[in-house]
Amino acid sequence: MEIDRNTWPSLAQTFTQLLSAERPRIVVDAAELRFCDSSGLWELISAQRQAEAAGGSLRLIGVHGVLARLLTITRLVDRFPPYPGLEEASRWPEGR
């Protein structure tokens, strides 16, 4: 899987559907991700901001390779803390 300028519109469409939920709680599994460019990274940031504005969150699991490097270089690791798996990423604080 790749997220780049050619594929991000499909991801954006999926996020639009998921973000229509009340307090959207989205977990993205990046284990199969082979490539992510700045447009893909921006789509993740945008979706996370929208989820947070609606009282939810967007979390990443399986982050490795190019996405891990992008998050480190852009200092977005704090915005997208690493979760080892779906079980850990699906633990939501009370009221959120």
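Here goes a summary of the coordinates provided. For every chain, the first residue of its written sequence is number 1, and the numbers climb from 1 along that sequence. With the structure being a predicted model, the display of local features is reserved for residues of pLDDT at least 70 and the display and counting of side-chain atom pairs for 80 or more, all residues being used for whole-chain, interface and lining totals. As a rule here, side-chain values come from all non-hydrogen atoms in the structure, and water together with hydrogens is ignored.

1. Describing the pairing of strand β2 (residues 25-29)
Looking along a regular strand, one sees the side chains alternate between the two faces of the sheet. Working definition: with a 1.4 Å probe on protein chains only, accessible area under 20% of the residue-type maximum means buried, over 50% means exposed, and in between means partly exposed. In this description a helix means any DSSP run of H or I spanning at least four residues, a strand means any run of E spanning at least two, and both kinds are numbered starting from the N terminus. Across the two faces of β2 the burial differs, with I26 and V28 buried and R25, V27 and D29 not buried at all. The pairing of β2 with strand β4 (residues 57-61) spans five bridges and is classified as parallel. Residue pairing for β4: V28 is matched across the bridge by L60. Criterion used throughout: strands pair if DSSP finds at least two bridges between them.

2. Details of the environment of G40
Secondary-structure assignment places G40 in helix α2 (residues 38-53). Along the sequence, G40 and A89 sit 49 residues apart, while their C-alpha atoms lie 21 Å from each other.

3. A closer look at empty space enclosed by the protein
A 1.4 Å probe that fits but cannot get out identifies a cavity on a 1 Å grid over protein atoms alone, an open set with protein on both sides within 12 Å along at least five of seven lines counts as a pocket, and a residue lines either if it has an atom within 4 Å of a point. Grid points are joined across faces, edges and corners, and a volume is the space filled by probe spheres set on the points. With the rule as written, the count across this model stands at one cavity of 30 Å³ or more. Volume-wise, the largest cavity comes out at about 40 Å³. Along the walls of the largest cavity sit M1, I3, V28, A30, L33, L44, L60 and L67, which together make up its complete lining. Under the scheme applied here, ten amino acids are nonpolar (Ala, Val, Leu, Ile, Met, Phe, Trp, Tyr, Cys and Pro), four are charged (Asp, Glu, Lys and Arg), and all others, including Gly, are polar. Classifying every residue of the lining of the largest cavity gives eight nonpolar, no polar and no charged.

Fair warning: the whole summary comes from geometry, so function is off the table for now.
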